[in-house]
Amino acid sequence: MKCSDLKIGEKARIVAIHLDEQKQAKLFHLGVICGEEILCKFVSPLHSPIAYQIKGCVFAIRREDAELIEVVQ
């Protein structure tokens, strides 16, 4: 399942990140790493960007980037 498939309020665990190295490094500093639990907080009216929360840190990423993060519920 892709991170972008999560509905508001749903949680999942990150199992793989298929972004380029630069984007992965930026998200790593926010706590986006394999094994972490991610919560969907908000989806914009046009479905991009999408806001997520990991360990109290809320951040928004583009839908096309969220589609490259694999999660399991």
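Quick summary incoming for the structure in this document. (Residues numbered from 1 in each chain as written. Predicted model: local features only at pLDDT ≥ 70, side-chain atom pairs only at ≥ 80, totals over all residues. Heavy atoms only, no water.)

## With respect to the pattern of salt bridges
Link 1 in the chain: Tallying each qualifying case throughout the model produces seven salt bridges.
Link 2 in the chain: Across the salt bridge formed by D65 and R62, the nearest N and O atoms sit 3.3 Å from each other.
Link 3 in the chain: On the basis of relative accessible area, D65 is assigned to the buried category, the value being 11%. (Salt bridge = Lys/Arg side-chain N within 4 Å of Asp/Glu carboxyl O. Buried < 20%, exposed > 50% of the residue type's maximum accessible area, 1.4 Å probe, protein only.)

## Considering the pairing of strand 3 (residues 50–54)
Link 1 in the chain: Here strand 3 lies mainly inside the structure; four of its five residues are buried.
Link 2 in the chain: When strand 2 (residues 37–43) meets strand 3, the two strands line up antiparallel, connected through four bridges. Of the residues in strand 3, the one forming a bridge with C40 is Y52.
Link 3 in the chain: Adjacent in sequence and paired antiparallel, strand 2 and strand 3 are bridged by six residues, among which H47 carries a positive phi angle near 70°.
Link 4 in the chain: Pairing between strand 3 and strand 4 (residues 57–61): five bridges, direction antiparallel. Its bridge partner lying in strand 4, Q53 is registered against V58.
Link 5 in the chain: Following strand 3, the chain reverses through two residues before pairing antiparallel with strand 4; K55 in that reversal takes a positive phi of roughly 50°. (Helix = DSSP H or I, 4+ residues; strand = E, 2+ residues; numbered from the N terminus. Pairing = 2+ DSSP bridges.)

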